[in-house]
Amino acid sequence: MNLLTALARLLIFPGLLFCVPAAWFFLWVERKSVALMQGRIGPPFMQPFYDFVKLLGKDTPDRPGIVGLLMRLWPLLAVASTAGAVALLPVLPAYGGFQGDLILLLALLEVPPICIIAAGFSSRSIFSEIGSAREAALTVSYNVVFLLAILSIAAAQHTFRLDALAHLPPSPLLWLGIIALVICLPAKLHINPFSLPNAEQEIYSGPIIEYSGPELAMWELSHGLEWVAATGLVATLVAPQIGTWWLAAIVFVLLCCGLVVLLAAVAAATARIAIDNTVRFYWQCTLVFAVLVVSSAILMRFRS
Amino acid sequence: MKALDRLMCTCRRRSPWLFHMNSGSCNGCDIELVAAITPRYDAEQLGVQLEGSPRHADILCITGPVTRNAVGAIETVYGQVLNPKAVVAIGSCPATTNVFIDSRTIDGPLDKHIPVDVFVPGCPPRPDAIIQGIVKAATILAERAASPSPPEAPKPEAAPEVQA
């Protein structure tokens, strides 16, 4: 039973069979909602799938030696780690076995930005190097808030177990932490106003400018999976405790969709801001949330 | 296997990503191409996306009468777009060099240097015409990739008449 549930979680829900179509669906929701807000009709429902299959059918440039090997490796590593992070999300009530914990989940979520930075520097293009440098600066800025918020939620509950964190009773500390997490999501997903690592009009596509064909398809997929993982993490923290598994799954998907629409609305309504303003935003303004969350977590530990 | 090929064909037709290149254009066709992806014409309905890198693109959109300086760049960028690919020549300039014909600084028309699949005539062409040309190029791209032996240099379809 344990093995079966674990396999089902890894391969079916919320694992591969769910998260790949969900990644395409979220990419479509993002593009479609931006289109609707601009008064357009927008791409058809199957568009991310068409893009993915088309990219799989394209050639890749011949890159000999270690650079070629590395450039092929980074997107695969990003996809694998994000898919693993999605599979760890405690959406369904678990029955023993390996549940994973918060530290593993956060580590897996941190792999794709590192892969993007490394990929940009491996491709040796000036635009991708600028994009990688911006991505590195951005990662350092938002991660302080992101990690502090989520770790203080965990520390207040005296646990790093994901299924325990999924069923937290709503408290001001939890909501404060979730607000801090949501503020970090646009930077984590590289959407406006923090889309500067892949700023289309300034540095073309940033770190992935040299990628083509199946490798680019893997980057697109990993971006979609990052949407699923990041919104899924917030959705599991917000979702109320529900015994019935299918109801829990439906609530999870609905919460994720709502969050995607919210982020897409923010992306459509804002313009890209420069790197110094972004760093200042996270270090000066948002850090207040993180400090509040950490201090209330410490207070709660003393009281309990 | 056939079903897979048909799926790939559909996907290629439904997802044309463009790379825009100016080979000495007066900027007239360029702003019409930009107009084609604005909310008024909304080419994204057809899956069209303007990409920043030729490595990501399927369709190369070239404007301008091909100046001597641009020839090397056109050949480089054409090589950087990976197969299967198609070329759309936007405006009268790349088709016939337009009013710049016989100029010393012009080394056109475009199909002297790279194979062109679709010509969109006009000075400048309307965004509707550009979108139609892109859709035609996407169809050509899908059919060519599906056929076992791709033609070497596809003949231009209705090349507009020279009006010097």
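Residues numbered from 1 in each chain as written. Chains lettered and ligands numbered in written order. Predicted model: local features only at pLDDT ≥ 70, side-chain atom pairs only at ≥ 80, totals over all residues. Heavy atoms only, no water.

Caption draft 1: Main features of the overall build of chain A. Along chain A, the regular secondary structure elements total 12 helices and zero strands. Start at the N end of chain A and walk to the C end: the helices and strands fall as α-α-α-α-α-α-α-α-α-α-α-α. The globule rule puts the C-alpha radius of gyration for 304 residues at 19 Å, and the 19 Å found for chain A is close to it. Summarising its shape, the C-alpha atoms of chain A cover approximately 60 × 45 × 45 Å along the three principal directions. The buried share of chain A, reckoned over its 304 residues, is 54%. A sequence separation of at least 24 residues applies to 79% of the contacts in chain A between residues at least 6 apart. Chain A carries 16 positive and 16 negative side-chain charges, and their two centres are separated by 6 Å. (Helix = DSSP H or I, 4+ residues; strand = E, 2+ residues; numbered from the N terminus. Rg over C-alpha atoms; globule rule 2.2 N^0.38 Å. Buried < 20%, exposed > 50% of the residue type's maximum accessible area, 1.4 Å probe, protein only. Contact = heavy atoms within 4.5 Å. Lys, Arg positive; Asp, Glu negative; His and termini not counted. Charge placed at Lys NZ, Arg CZ, Asp CG, Glu CD.)

Caption draft 2: Structural context of the pattern of salt bridges. As enumerated under the stated definition, the model contains 13 salt bridges over all chains in all. For the salt bridge of Glu-44 of chain B with Arg-40 of chain A, the shortest nitrogen-to-oxygen distance reads 2.6 Å. Within this pair, whereas Glu-44 of chain B is found in the loop between α2 (28-36) and β2 (49-50), its partner Arg-40 of chain A is found in the loop between α2 (16-37) and α3 (47-56), the two belonging to separate chains. Residue classification places Glu-44 of chain B among the buried positions, given a relative accessible area of 13%. (Salt bridge = Lys/Arg side-chain N within 4 Å of Asp/Glu carboxyl O.)

Caption draft 3: Seen up close, empty space enclosed by the protein. Residues and elements named next belong to chain A. This structure, assessed with the given rule, holds three cavities of 30 Å³ or more. When its volume is computed, the largest cavity comes out at roughly 120 Å³. When residues of the lining of the largest cavity are assigned to their parent elements, the largest contribution, three residues, is made by helix α11 (residues 245-269). Of the residues that constitute the lining of the largest cavity, the class distribution is 10 nonpolar, three polar and no charged. Taken as a whole, the second largest cavity spans an internal volume of roughly 50 Å³. Lining the second largest cavity, in full, are Pro-90, Leu-102, Leu-162, Leu-165, Ala-166, Leu-233, Thr-236 and Leu-237. Counting residues per element, the ones that place at least two in the lining of the second largest cavity are α7 (162-166) and α10 (213-238). In terms of residue class, the lining of the second largest cavity is built from seven nonpolar, one polar and no charged. (1 Å grid on protein atoms, 1.4 Å probe; cavity = no way out; pocket = protein on both sides within 12 Å on 5 of 7 lines; lining within 4 Å. Points joined across faces, edges and corners; volume = space filled by probe spheres on them. Nonpolar A, V, L, I, M, F, W, Y, C, P; charged D, E, K, R; others polar.)

Caption draft 4: Quick look at the packing of helix α8 (residues 172-188) of chain A against helix α12 (residues 275-303) of chain A. Residues and elements named next belong to chain A. At a minimum axis separation of 10 Å, α8 and α12 run at an interaxial angle of 155°. With respect to their mutual orientation, α8 and α12 come out roughly antiparallel. Crossing of α8 over α12 shows left-handed handedness. Residue-level inspection shows Leu-173, Leu-176, Gly-177, Ile-179, Ala-180, Ile-183, Cys-184 and Ala-187 of α8 in contact with α12, the latter providing Phe-281, Tyr-282, Thr-286, Phe-289, Leu-292, Val-293, Ser-296, Ala-297 and Met-300. (Axes fitted to C-alpha atoms, helices over the stretch in contact; angles between N-to-C directions. Parallel < 35°, antiparallel > 145°, perpendicular 65-115°, else oblique. Left-handed = near helix turned anticlockwise from the far one by under 90°.)

Caption draft 5: The state of the cysteines, seen in detail. Residue and element names in this part refer to chain A. For the structure on display, the rule yields zero disulfides over all chains. Summary of cysteine pairing: Cys-115 is not part of a disulfide, and the nearest cysteine sulfur, belonging to Cys-19, is at 16 Å. Cys-256 forms no disulfide, and the closest cysteine sulfur to it belongs to Cys-257, at a distance of 6.9 Å. The class for Cys-256 is buried, based on a relative accessible area of 1%. (Disulfide = S-S within 2.5 Å.)

Caption draft 6: Spotlight on the interface of chain A and chain B. On the side of chain B, 25 residues touch chain A, which itself brings 29 residues to the contact. Of the roughly 2,400 Å² buried where chain A meets chain B, counting both sides, 55% is carbon and sulfur surface. Taken together, chain A and chain B are joined by 21 residue pairs in polar contact (both at pLDDT 80 or more). At the level of elements, α3 and α10 of chain A are the ones that each hand at least two residues to the side of chain A that touches chain B. Among the elements that take part in the side of chain A that touches chain B, α3 of chain A stands out by supplying eight residues, more than any other. Considering only residue class, the side of chain A that touches chain B consists of 14 nonpolar, seven polar and eight charged. (Buried area = accessible area lost by both parts, 1.4 Å probe. Polar contact = N/O pair within 3.5 Å; in protein donor to acceptor, adjacent residues only side chain to side chain.)

Caption draft 7: Spatial organisation of the UniProt feature "transmembrane region" (unreviewed entry) in chain A. Residue and element names in this part refer to chain A. Taking the numbering used here, the UniProt-annotated feature "transmembrane region" (unreviewed entry) corresponds to residues 6-29, 73-96, 102-121, 142-160, 172-191, 245-275 and 281-300. Secondary structure within residues 142-160 divides into 79% helix and 0% strand; the distance between the first and last C-alpha atoms comes to 21 Å. From the first C-alpha to the last, residues 245-275 spans 43 Å; its make-up is 84% helix and 0% strand. (UniProt positions renumbered as here; feature names shortened; annotations may be inferred.)

Caption draft 8: Spotlight on the packing of aromatic side chains. Residues and elements named next belong to chain A. Under the defined criterion, the tally for this structure stands at 12 aromatic pairs over all chains. When the centroid spacing of 5.1 Å and the interplanar angle of 45° are considered together, the rings of Phe-194 and Tyr-282 count as tilted. Note that Phe-194 is positioned in the loop between α8 and α9 (200-203) and Tyr-282 in helix α12, a separation of 88 residues in sequence. The class of Tyr-282 is buried, set by a relative accessible area of 0%. Through pairs of rings, three or more aromatic residues link up here, namely Trp-24, Phe-49, Tyr-50 and Phe-52. If you follow Arg-63 out to its NZ or CZ, it ends over the ring of Tyr-211, 6.0 Å from the centre. A cation over an aromatic ring shows up here: Lys-188 above the ring of Phe-146, its NZ or CZ 4.9 Å from the ring centre. (Phe/Tyr/Trp six-rings, centres within 6.5 Å; stacked < 30°, edge-to-face > 60°. Lys NZ or Arg CZ within 6 Å of the ring centre and 35° of its normal.)

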